[in-house]
Amino acid sequence: MKLYNTLSRKKEDFHLVKEGPVRMYSCGPTVYDFVHIGNLRTFLFEDILCRFLEYRGFEVFQVKNLTDVDDKTIKGSRKKGVPLKEFTREYEKAFFEDCKTLRIRPARVYPRATEHIPEMVAIIKELLKKGFAYKSEDGIYFAVDKFKEYGKLAHLDRSHLKAGASGRVLADEYDKENLADFALWKFWDEDDGDVFWETEIGKGRPGWHIECSAMSVKYLTSAISDGFSLDKFETLDIHTGGVDLMFPHHEDEIAQVEAVVGKPFANFWLHSEHLLVDGKKMSKSLGNFYTLRDLLKMGYHPLAIRYALISSHYRQKLNFVLSSLDAASTAVQRINDFISRLNEADGSDNENVKDLAKEHLLKFENALDDDLEISRALASLFDLMSKVNRELDAGHISKSDAQEVISVVRRMNDVLDILVDEKDLPPDILDLLEQRRKAREAKDYQRSDELREELKSKGILVEDTKNGQRWKRIFSRKV
Ligand code: AMP
Ligand code: ZN
C-alpha cells in the first residue's frame, strides 16, 4: 500500500513504525460553528483511509481532537455572550451528528483542547528549558531559528525567517509572508474575558498549534505504552488534515514536538485538497459554504452527499456544484438497485461470473493501494456492474453466482459504505408497508394507492409483482 507523503512529496510504501495499531492523528474541527462540507470532505478522506487500512488488516487507533479554545471560539462565544464551554458544546454535538449522518466512523478518542492544558504546559516548559522558547510581554514564543529543520514540511525558504522581537505572530492563523516566531502561550488580555488558566507559566491560554502537539503525543504514546510521558514518545504513523493546515499549523506542531523529543513527530503526513466553490476554497470567511444541514434541507440523501464527497481523489481539488449531488444520487441508486436485482436472480449457472467478480475486486484493491485512487476503484465496481447486469438481462446468473457477486460488492462496501441495509427500515415505514400489503389483500386499491404515495414521500418506492409488493429506496432529491 502506497501513500503520498507530504514530507517527501513522494508516494511511499506504508509500514508501521512499531508493531501494534496504526497510530493516526487527524486535526479535528474548530467548534465555533457548524462544519461545512469542505471540512467534511477532509473528514471523509480520513474515514476512507482508516477503512482501507483496516481492510488491509491493520488495526487503526485514530485520535481526532476538538479545538474548543482558540482565537475563533473565544471571539464567537464573546459575540454571542455565552460562556465558551456552552458555546462550543453545541457545535461539538452538531459535528458528531453530521459525522454519523455521513457514516464517518468514530475515532478512538476525541480529546478536547480545554481538558489538556497541563500537557501543553509540560511541553512548553521543556521548550523553555531547552532554549527553543522564550517569554515576551504578551506570551511565550517558539524561536523558529533555533529549530534547524523548521520549514521541512511546507518546504519553506528559510531566508525569510524573522526571528526574535522583529518577527512574532500572536494570532493562531497567519500565512507564509508572516513567517516568524509563533505563540505557544498567550498571556491573558481583556479580549479573552473569562477564558484563561492560571498555570506555572503564567495566566493565559494556549496557542492553537501546541494543542494538537500535546493531544497527539499524549494519546498516541499511551496507545502503545502504559501511561504517558514525553520520554516514551514514539513517532506517529500518520498525521492528517486539510492542505491549509500544512503551514503554519503542522509545521509548528512538528517544531514543538521534535524540539522536545528529538525524534521525528510523524512518519507519514497526508493532506487532502480543498473543496472549492467557483474556484475558491469553501470557507466560513468567504461565506461560500454549504453545511450538511443545508443540503439535507434541500432534499439530498446523505448517501448521495457521502458519495459526491468521496468519489474523487483526495489530492485533487474538487469544485463543488449542486448538480454533482444528482449524479451521485444516480450512482448510489444504481449500486443499491444492483444488489436488489442480484437478490432476486434465479437464472442458469454462469461459469465466468465468479472469476469476473474476483478480478474486479482485485482491481478495486490495487487502485486503493495506489494512494487511495478512489476513482479507479469505483470504475472497477461500475465495470463489474455493467457486465453482470448484461448477464442478468440474459437470465444467465444463478442464485449462487449472485451471492458471490454480492459478497464482492459488500467487501468493496466495507470501504465505501454506500449500501443501505434492507433490515434497517425504520418502524414507521415497516408499518406503512404492512398496511399497504393488507389493503391490497382486501382489494382496497384506493387505500393502497394512498399508501404508495405516502411511502414515496418518505423515499420508498413500492412496486407490485406476482410475488407480492416489492420496495426500494429512492436516493434522488426529494422536492
Ligand atoms: P477547521 O474546523 O477549520 O479547523 O477545519 C477542520 C478540517 O477541515 C481541517 O483539516 C481543514 O484543513 C479542513 N478544511 C477546511 N476547509 C476545507 C475545504 N474547503 N475543503 C477541504 N477541507 C477543508
Ligand atoms: Zn491540529
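Residues numbered from 1 in each chain as written. Chains lettered and ligands numbered in written order. Predicted model: local features only at pLDDT ≥ 70, side-chain atom pairs only at ≥ 80, totals over all residues. Heavy atoms only, no water.

Turning to the coordination of the zinc ion (ligand 2), a few remarks are in order. Around a metal, the ideal angle is 109.5 degrees if four donors adopt a tetrahedral arrangement and 90 or 180 degrees if six donors adopt an octahedral arrangement. On the protein side, the zinc ion (ligand 2) has Cys27 (SG), Cys212 (SG) and His249 (NE2) as donor atoms, found 2.0 to 2.2 Å from it. Each donor residue of the zinc ion (ligand 2) lies on one chain, and together they are spaced C-x184-C-x36-H. One end of the pair, Cys27, is in the loop between strand E3 (22-26) and helix H1 (37-55); the other, His249, is in helix H6 (residues 246-261), and 222 residues separate them in sequence. When its relative accessible area of 1% is taken as the criterion, His249 is described as buried. (Donors = N, O, S within 2.8 Å, 3.2 Å for Na, K, Ca; no water. Helix = DSSP H or I, 4+ residues; strand = E, 2+ residues; numbered from the N terminus. Buried < 20%, exposed > 50% of the residue type's maximum accessible area, 1.4 Å probe, protein only.)

Of all residues adjacent to ligand 1, which total 17 residues, the nearest are Thr30, Thr42, Asp244, Leu275 and Met282. Taking Gly38, its main chain carries an N or O atom lying 3.0 Å from a nitrogen atom of ligand 1. Backbone polar atom of Leu275 to a nitrogen atom of ligand 1: 2.8 Å apart, as the coordinates give it. Out of a free accessible area of 490 Å², ligand 1 has 93% covered by protein chains. With respect to the detected pockets, ligand 1 is housed in the largest pocket. Mapped onto the shell around ligand 1, the elements with two or more residues apiece are H1 and strand E11 (236-242). Tallying contributions element by element places H1 first for the shell around ligand 1, with four residues. (Near = heavy atom within 4 Å. Polar contact = N/O pair within 3.5 Å; in protein donor to acceptor, adjacent residues only side chain to side chain. Areas by Shrake-Rupley, 256 points an atom, 1.4 Å probe, with all protein chains shown as cover. 1 Å grid on protein atoms, 1.4 Å probe; cavity = no way out; pocket = protein on both sides within 12 Å on 5 of 7 lines; lining within 4 Å. Sits in = over half its atoms within 2 Å of the grid points.)

The subject of this paragraph is the side chain of Thr240. Residue position: Thr240 is located in strand E11. Judged by relative accessible area, which is 0%, Thr240 ranks as buried. For Thr240, the side chain forms a polar contact with the side chain of Ser26, separated by 2.9 Å. Within the structure, the side chain of Thr240 is placed 2.9 Å from the side chain of Glu46, a separation counted as a polar contact. Residues in contact with Thr240, not counting those within four places in the same chain, are Met24, Tyr25, Ser26, Cys27, Phe45, Glu46, Leu49, His250 and Leu270. (Contact = heavy atoms within 4.5 Å.)

Here we take up the pattern of salt bridges. Inspection of the entire model under this criterion finds 53 salt bridges. A salt bridge links Asp428 to Lys458; its shortest N-O distance comes to 3.8 Å. Here Asp428 is found in helix H13 (residues 427-441), whereas its partner Lys458 is found in the loop between helix H14 (445-457) and strand E16 (460-465), with 30 residues between them in sequence. Residue classification places Lys458 among the partly exposed residues on the basis of a relative accessible area of 36%. A salt bridge links Asp464 to Arg452, with the nearest nitrogen and oxygen atoms 3.5 Å apart. In this pair, Asp464 is assigned in strand E16 and Arg452 in helix H14, connecting sequence segments 12 residues apart. (Salt bridge = Lys/Arg side-chain N within 4 Å of Asp/Glu carboxyl O.)

In this model H13 runs 21 Å from its N-terminal to its C-terminal C-alpha over 15 residues, within 8% of the 21 Å that 1.5 Å per residue would give. Those residues of H13 that fall on the buried side of the exposure criterion are Ile429, Leu432, Leu433, Arg436 and Ala439. Down the axis, H13 shows its buried residues gathered within 125° of arc, on one side only. Structural note: H13 exposes Pro427 and Glu441 on the side pointing more than 90 degrees away from its buried face. Summarising the contacts, the buried residues of H13 are in contact with H14, E16 and strand E17 (468-473). Where H13 terminates, the next one or two residues include Lys443, which has phi positive at roughly 60°. (Expected span 1.5 Å × (residues − 1). Arc of directions from axis to C-beta.)

Below, the discussion takes up H1. Under the 1.5 Å per step criterion, the end-to-end length of H1 is 26 Å for 19 residues, consistent within 8% with the ideal 27 Å. Taking burial as the measure, the 19 residues of H1 include 17 buried ones, the bulk of the element. Residue Gly57 follows H1 closely and has a positive phi angle near 95°.

So, about the layout of surface pockets. Looking at the largest pocket, its volume works out to about 940 Å³. Lining the largest pocket are 43 residues, and of these Lys72, Glu173, Asp244, Leu245 and Lys281 lie nearest its centre. Those elements that provide at least two residues to the lining of the largest pocket are H1, helix H5 (208-222), E11 and H6. In this model, the second largest pocket occupies a volume close to 270 Å³. (Points joined across faces, edges and corners; volume = space filled by probe spheres on them.)

With that settled, the discussion passes to the domain arrangement of the chain. Split by domain assignment, the chain resolves into domain 1 (7-272), domain 2 (315-416) and domain 3 (427-473). Taking only C-alpha atoms, the centre of domain 1 and the centre of domain 2 are 39 Å apart. At the junction of the two partners, domain 1 supplies 11 residues and domain 2 supplies 16 residues. In total, domain 1 and domain 2 occlude about 1,300 Å² of area from one another, counting both sides; carbon and sulfur atoms represent 59% of this. (Domains from an automatic or database assignment. Buried area = accessible area lost by both parts, 1.4 Å probe.)

Let's shift gears to the sheet that holds strand E15 (residues 318-319). Taken in spatial order, the three strands make up an open sheet running E14-E13-E15, and their pairing is mixed. Only two strands of the sheet have a single neighbouring strand rather than two, namely strand E14 (280-281) and E15. (Pairing = 2+ DSSP bridges.)

The next thing to look at is the side chain of Asn65. Along the chain, Asn65 turns up in the loop between strand E4 (60-64) and helix H2 (71-80). In this structure the side chain of Asn65 is engaged in a polar contact, spanning 2.8 Å, whose partner is the backbone nitrogen of Gly28. Of note is the side chain of Asn65, whose polar atom sits 3.0 Å from the side chain of Thr67. For Asn65, the contacting residues outside a window of four places in its chain are Tyr25, Ser26, Cys27, Gly28, Pro29, Pro111, Cys212 and Met215.

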